[in-house]
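# Fold and geometry: a report
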Amino acid sequence: TGSAQLVAMASVIAGLKSVDFYRKLKKDLQQELTEASVAGAALSAIAALFMIGLVIAEFSAYMAVTTESKVHLDHFDSSADDTLQVNFNFSFPHLKCEYASVDATNFMGTHDAGLSARVSKVRLDKHGRGVGRHDDSQQKNLQHTMDETPHEGPPIATVLTTDNFEATHHKYEVMLVNFFAPWCHWCQRLEPVWEKA
C-alpha cells in the first residue's frame, strides 16, 4: 500500500509538471543552450533601472498628500438667485462694529464691496460676551467738506528729493511720506489737508 501511494503521488506531481508554463533547462544543458552577451547585459541593466524608477515613482505618488476642493452651484432661473450663502462667525474683541465690513471677489474677478448689510454684528463686552446686536442704520453720517481752505503760513512739509531723502530720513525717528504727482487733481486736493495735518 505504501508503494502504491508513492506511485499515485508521483503521477500527481508529474501531472502538475505537465502544465508548468515556466519550464527551466537542465543544469547540464544550460551552458550548451544559453550564451551571455554584452547587449543582453546592457538591456537587462536598463530594464532593472527602469523598474526601480517605476517603483520609486509609484511609492512617492502614493505617499504624496493632495487636496482638491470643488464647489458645485445649482442652475437657477434668474441671475439674481445665482448666489452662494456662506456662514461664518468671527470675533474681534478690539474692533468696533462700525469698522467691520465684508468684501467678496469671485473667480471671475468681480468685486462685491459693502456686504455688511447682510452680516449680523453683535457687540461684545470686555469678557467677550454678547451684549446686543449692532444696527448699521443708526450710524452717524459724517459730513465731509469737498473744498479745503488753504494752509496759512509757510509750508511745513518738506519736499523730498534724491539729494535730501537720506539726510531727512535719518534726521527723524518717525516720518510720514506723501507720494504725489503735481499734475494729479486729487493730489492737489489733498495738499491743504496734508499741510494742516
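Residues numbered from 1 in each chain as written. Predicted model: local features only at pLDDT ≥ 70, side-chain atom pairs only at ≥ 80, totals over all residues. Heavy atoms only, no water.

### A short note on the overall build of the protein chain
Looking only at helices and strands, the protein chain has five helices and four strands in total. Secondary structure elements of the protein chain occur, N-terminal to C-terminal, as α-α-α-β-β-β-β-α-α. Taken across its 197 residues, the protein chain has 5% of its residues classed as buried. For the protein chain, restricting intrachain contacts to residue pairs at least 6 apart in sequence, the fraction spanning at least 24 positions comes to 27%. For the protein chain, the accessible area works out to roughly 19,300 Å², and carbon and sulfur atoms hold 59% of it. (Helix = DSSP H or I, 4+ residues; strand = E, 2+ residues; numbered from the N terminus. Buried < 20%, exposed > 50% of the residue type's maximum accessible area, 1.4 Å probe, protein only. Contact = heavy atoms within 4.5 Å. Areas by Shrake-Rupley, 256 points an atom, 1.4 Å probe, with all protein chains shown as cover.)

### A word on the pattern of salt bridges
The final tally for this structure, using the stated rule, is one salt bridge. Arg129 is the salt-bridge partner of Asp125, the closest N and O atoms lying 3.5 Å from each other. Taking the relative accessible area as the measure of exposure, Arg129 reaches 52% and is therefore exposed. (Salt bridge = Lys/Arg side-chain N within 4 Å of Asp/Glu carboxyl O.)

### Things to note about helix H3 (residues 38-63)
With 26 residues, H3 extends 38 Å from end C-alpha to end C-alpha; this agrees with the ideal 38 Å at 1.5 Å per step. When you tally the buried positions in H3, you get zero out of 26 residues, a small fraction of the element. (Expected span 1.5 Å × (residues − 1).)

### Quick notes on a nonpolar patch on the surface
Together, Val86, Phe88, Phe90, Phe92, Leu95 and Tyr99 make up an exposed nonpolar region whose accessible area comes to about 690 Å². Secondary-structure assignment places Leu95 in the loop between H3 and strand E1 (104-105). Relative accessible area serves as the criterion here: at 38%, Leu95 is assigned to the partly exposed category. (Patch = residues over 30% accessible without salt bridge, like charges linked within 9 Å, V, L, I, M, F, W, Y side chains within 5 Å.)

### Considerations on the confidence of the model for the protein chain
Any region with low pLDDT has predicted coordinates that should not be read closely. For the protein chain, mean pLDDT is 78; residues scoring 70 or higher make up 78% of the total. Helix H2 (residues 27-33) is the least confidently modelled element of the protein chain, averaging 70 in pLDDT, while H3 averages 91, the highest of any element. (pLDDT = per-residue confidence, 0-100.)

### Some thoughts on the packing of aromatic side chains
For the coordinates displayed, the defined rule picks out two aromatic pairs. Where Phe88 meets Phe90, the ring centres are 5.5 Å apart and the plane angle is 35°; that geometry is what we call tilted. Using a relative accessible area of 59% as the deciding quantity, one classes Phe90 as exposed. Taking 6.3 Å as the distance between ring centres and 40° as the angle between the ring planes, the aromatic pair formed by Phe90 and Phe92 counts as tilted. Considered together, Phe90 and Phe92 belong to a single accessibility category, that of exposed residues. (Phe/Tyr/Trp six-rings, centres within 6.5 Å; stacked < 30°, edge-to-face > 60°.)

### With respect to the pairing of strand E4 (residues 130-134)
Consecutive side chains along a regular strand alternate between the two faces of the sheet. Direction of pairing for strand E3 (residues 121-124) relative to E4: antiparallel, over a ladder of four bridges. For Arg123, the partnering residue across the bridge sits in E4 and is Gly132. Taking the residues that link successive antiparallel strands as the turn, the E3-E4 hairpin has five residues, and the phi of Gly128 there is positive, at about 85°. (Pairing = 2+ DSSP bridges.)

### What about the side chain of Thr168?
Mapped onto the secondary structure, Thr168 falls in helix H4 (residues 165-171). For Thr168, a relative accessible area of 11% puts it in the buried group. In contact with Thr168, not counting residues within four places along its chain, are Leu160 and Met175.

### Things to note about the state of the cysteines
One pass over the structure, following the stated rule, counts zero disulfides. We note that Cys184 lacks a disulfide partner, and the nearest cysteine sulfur, in Cys187, lies 3.5 Å from it. (Disulfide = S-S within 2.5 Å.)

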